[in-house]
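The primary structure of each chain is shown beneath.
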Amino acid sequence: MPVNDEHLFASFGSLVGQTARVWRRAADKRLQPFGLTEATWLPLLWISRAHKPMLQKDLAAVLSLDNSSVVRLIDNLEAAGLVRRREGEDRRAKEILLTDAGRDVVGNVERVVNDLRKEIMADLAKQDIEVATKLLDQLSTRLASIAEENLT
């Protein structure tokens, strides 16, 4: 592999990670007037976008948190009146549901995040976004497969 290719491949992962961090930081800054931080708005988005009531263990997985951290997070969201817990089909598993206040917060988050996305991507060509999305989806699938292999 030529030296230039080596540098390109070596810097790619770092650039993806850095871009994600800077994007979240920009969203965090825009959501500060609502009293939200990434620790509160990101879990609320995941909960709101789930096709069925989210379980604590599923929220922990998507946020890459351990169970005890997610319990504290949900305790805080519950104390703020944004979520409530209920027993799931399996009585050992707790479902997390948004309250009306939580849905209102998610509406603000969605509006701010959508406006930010439009601003960030305003002058990017649709086909470039399509290619980047396809590439990131392939990488995500491969990484998930590798992570799954390591668990077995």
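First things first, this report covers the structure right here in the doc. (Residues numbered from 1 in each chain as written. Predicted model: local features only at pLDDT ≥ 70, side-chain atom pairs only at ≥ 80, totals over all residues. Heavy atoms only, no water.)

### Observations regarding the packing of helix H2 (residues 38-49) against helix H5 (residues 100-121)
Here comes step 1: Running from N to C, H2 and H5 point in directions that differ by 105°, and their axes come no closer than 10 Å. Considered as vectors, H2 and H5 are oriented roughly perpendicular to each other. Contacts from Trp41, Leu44, Leu45, Ser48 and Arg49 of H2 reach H5 at Val105, Val106, Val109 and Glu110.
Here comes step 2: Considering only residue class, the contact of H2 with H5 consists of six nonpolar, one polar and two charged. (Axes fitted to C-alpha atoms, helices over the stretch in contact; angles between N-to-C directions. Helix = DSSP H or I, 4+ residues; strand = E, 2+ residues; numbered from the N terminus. Parallel < 35°, antiparallel > 145°, perpendicular 65-115°, else oblique. Contact = heavy atoms within 4.5 Å. Nonpolar A, V, L, I, M, F, W, Y, C, P; charged D, E, K, R; others polar.)

### Digging into helix H3 (residues 56-63)
In an α-helix, one full turn covers 3.6 residues, which means residues spaced three or four apart are oriented alike.
Here comes step 1: Looking only at H3, the buried set comprises Gln56, Leu59, Ala60 and Leu63. Across the axial projection of H3, the buried residues extend over an arc of 100°, all falling on one side. Of the residues in H3, the exposed ones pointing more than 90 degrees away from the buried face are Lys57 and Ala61.
Here comes step 2: Each element contacted by the buried residues of H3 is listed here: H2, strand S1 (54-55), helix H4 (67-79), strand S2 (83-87) and strand S3 (94-98).
Here comes step 3: Remark: serine 64 follows H3 within two positions and exhibits a positive phi of approximately 55°. (Buried < 20%, exposed > 50% of the residue type's maximum accessible area, 1.4 Å probe, protein only. Arc of directions from axis to C-beta.)

### What to know about the layout of surface pockets
Here comes step 1: Roughly 1,400 Å³ of volume is contained in the largest pocket.
Here comes step 2: Looking at which element gives the most residues to the lining of the largest pocket, the answer is helix H6 (residues 126-151), with nine residues.
Here comes step 3: A per-class count over the lining of the largest pocket returns 24 nonpolar, four polar and three charged. (1 Å grid on protein atoms, 1.4 Å probe; cavity = no way out; pocket = protein on both sides within 12 Å on 5 of 7 lines; lining within 4 Å. Points joined across faces, edges and corners; volume = space filled by probe spheres on them.)

Geometric descriptors of this kind do not, in isolation, establish any biological role.
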